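Report on the structure
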Amino acid sequence: MDREQEDETVPIAELLDERRRLLNVAYWMLGRSQDADDVVAETYRRWYGLSDDHRTHIAEPRSWLVKTVGGICLERLAPTGWSHPGPVGAAPPHDLDEEVSQALLDALDTLSPAERAAFVLNDVFGMAPGTVAAIVGQTEQECGELAARGRHSLRTRWAHPTTPRQHDRVVRAVQQACVAENPERLRSLLAPDATVFLDGGGKVRTLTRPVHGARHVTRSLLTLLAGRPGTTLHCQSVNGRTGIVVRYGDEVAAVISLDVAGDHVVQIWAVLNPDKLRHWNRAATQEK
């Protein structure tokens, strides 16, 4: 056996602990055991897809694996590429069996991908700020803000639970206020500390930072959705609950998810990235 092969030999207990941690991270981020298994399998495929020389120069393999798991989960959590997982179809990793409640997983589904990742990695796993930042792809300060907003959103949701019927009613009211370009009505439907995220993916010109506060969110939404000829807003199912699909002519130009607590919208995620809208446009073409 050569030296490089010896260096890759790891005690079996460490191997099992490593895999269990990766599964737990993926499970908390995605909510289903099968999805977690798939992500961990893909992570190890990427590890062994590296050259031998590359692997031997990775100082902390476990850190590399955790970052890769987090990155794959974020890819899967892209709002228009991921549908609500629904009831968990298999038991969670055994060491989470008594700890993870379905209520918490359902609540996590309401967070944006970046918020969910920052909250899970920071609050659940207590990872170092630098590691969280590397996985989420934002600065340590921004990740701290994301985790804080995630905590706030979860507390708000638990304090003001919303039924699917209530959610649908509020979203339809938002859609009508936007179509009517009625800022007072729209602002009344937003929580005072509402936030909107505009995901252009660098493919369209839009704000790169979240917009906070009902007044600012109202202005941003009405500017984004200005009723120019050819722009239409439709209420449709988005990630398992009523959302807003924006069309410009026959093209889906944006898909908007809304997090509702009680009678107010607390968070909005507007996806404008053309890459993430491809399957929406393919579906629209097939319906013709």
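Every value quoted in this text rests on a predicted model; they were computed, and no experiment measured them.

A look at the pairing of strand β6 (residues 264–271)
Successive side chains on a regular strand alternate, one facing one side of the sheet and the next facing the other. With 7 of 8 residues buried, β6 lies mostly within the body of the structure. Pairing between strand β1 (residues 190–199) and β6: 6 bridges, direction parallel. What sits directly across from threonine 195, in β6, is glutamine 267. As defined by bridge partners, strand β5 (residues 251–261) adjoins β6 across 7 bridges and the pair is classed as antiparallel. Counted as the bridge partner of valine 255 is valine 271 from β6. Counted along the chain from β5 to the antiparallel partner β6, the turn is 2 residues long, and its residue glycine 262 has a positive phi close to 65°.

Brief notes about the packing of helix α2 (residues 12–30) against helix α3 (residues 33–49)
Taken N-terminus to C-terminus, the directions of α2 and α3 make an angle of 125°; their axes are 8 Å apart at the nearest point. Relative to α3, the element α2 lies oblique. Considering how the two elements wind past one another, α2 and α3 form a crossing that is right-handed. Contact residues: Glu18, Arg19, Leu22, Leu23, Ala26, Tyr27 and Leu30 in α2; Ser33, Asp35, Ala36, Asp37, Val39, Val40 and Tyr44 in α3. Here the contact of α2 with α3 is composed, by residue class, of 9 nonpolar, 1 polar and 4 charged.

Points about the sheet that holds β6
The strand order across the open sheet built from 6 strands is β2-β1-β6-β5-β4-β3, with neighbouring strands paired in mixed fashion. Of all strands in the sheet, those bounded by a partner on one side alone are β2 (211–212) and β3 (231–238). Examined bridge by bridge, β1 and β2 share 2 bridges and lie antiparallel to one another. Bridging across to β2, valine 196 finds its partner in valine 211. Sitting on the sheet, helix α10 (residues 164–179) is in contact with β3, β4 (241–248), β5 and β6, with an inclination near 25° to β4.

Observations regarding helix α8 (residues 129–136)
Residues of α8 that are buried: Val132, Ala133, Ile135 and Val136. Buried residues along α8 cover an arc of 165° about the axis, so they all sit on one side. One or two positions beyond α8, positive phi appears at glycine 137, with a value near 85°.

With respect to a nonpolar patch on the surface
A contiguous nonpolar surface patch, about 350 Å² in accessible area, is contributed by Val10, Ile12, Leu15 and Leu16. As for its position among the elements, leucine 15 is in helix α2. Of the residues examined, leucine 15 reaches a relative accessible area of 38% and is grouped as partly exposed.

Digging into the layout of surface pockets
As a volume, the largest pocket reaches approximately 740 Å³. Lining the largest pocket are 31 residues, with Ala114, Gln138, Asp199, Thr208 and Trp269 sitting closest to its centre. Classifying every residue of the lining of the largest pocket by side-chain character gives 13 nonpolar, 10 polar and 8 charged.

Overview of unusual backbone geometry
Although it is not a glycine, glutamate 181 sits at a positive phi angle of roughly 50°. Residue glutamate 181 is classed as partly exposed on the basis of its relative accessible area, which comes to 42%.

Observations concerning the pattern of salt bridges
Under the defined criterion, the tally for this structure stands at 12 salt bridges. Ionic pairing is found between aspartate 168 and arginine 172, a salt bridge with its closest N-O pair at 3.0 Å. Placement of the pair is aspartate 168 and arginine 172 together in helix α10, with a separation of 4 residues, close to one helical turn. A relative accessible area of 22% means that aspartate 168 is categorised as partly exposed. Because the salt bridges share partners, they merge into one network encompassing Glu42, Arg45, Arg46 and Glu75.

Some details on the nonpolar core
Judged by nonpolar contacts, the single largest core of 51 residues is most densely connected at Met29, Leu108 and Met127. Top element by residues in this core is α2. It accounts for 8 residues. Here methionine 127 is in contact with Arg21, Val25, Val66, Leu121, Asn122, Val132 and Ile135, once residues within four sequence places are set aside. Judged by nonpolar contacts, the second largest core, of 30 residues, contains Leu190, Val211, Val217 and Leu225.

Conventions and cut-offs
Residues numbered from 1 in each chain as written. Predicted model: local features only at pLDDT ≥ 70, side-chain atom pairs only at ≥ 80, totals over all residues. Heavy atoms only, no water. Buried < 20%, exposed > 50% of the residue type's maximum accessible area, 1.4 Å probe, protein only. Helix = DSSP H or I, 4+ residues; strand = E, 2+ residues; numbered from the N terminus. Pairing = 2+ DSSP bridges. Axes fitted to C-alpha atoms, helices over the stretch in contact; angles between N-to-C directions. Parallel < 35°, antiparallel > 145°, perpendicular 65-115°, else oblique. Left-handed = near helix turned anticlockwise from the far one by under 90°. Contact = heavy atoms within 4.5 Å. Nonpolar A, V, L, I, M, F, W, Y, C, P; charged D, E, K, R; others polar. Arc of directions from axis to C-beta. Patch = residues over 30% accessible without salt bridge, like charges linked within 9 Å, V, L, I, M, F, W, Y side chains within 5 Å. Areas by Shrake-Rupley, 256 points an atom, 1.4 Å probe, with all protein chains shown as cover. Salt bridge = Lys/Arg side-chain N within 4 Å of Asp/Glu carboxyl O. 1 Å grid on protein atoms, 1.4 Å probe; cavity = no way out; pocket = protein on both sides within 12 Å on 5 of 7 lines; lining within 4 Å. Points joined across faces, edges and corners; volume = space filled by probe spheres on them. Core = buried A, V, L, I, M, F, W, Y, C linked by side-chain atoms within 4.5 Å.

Function cannot be read off these values alone, since they describe shape.
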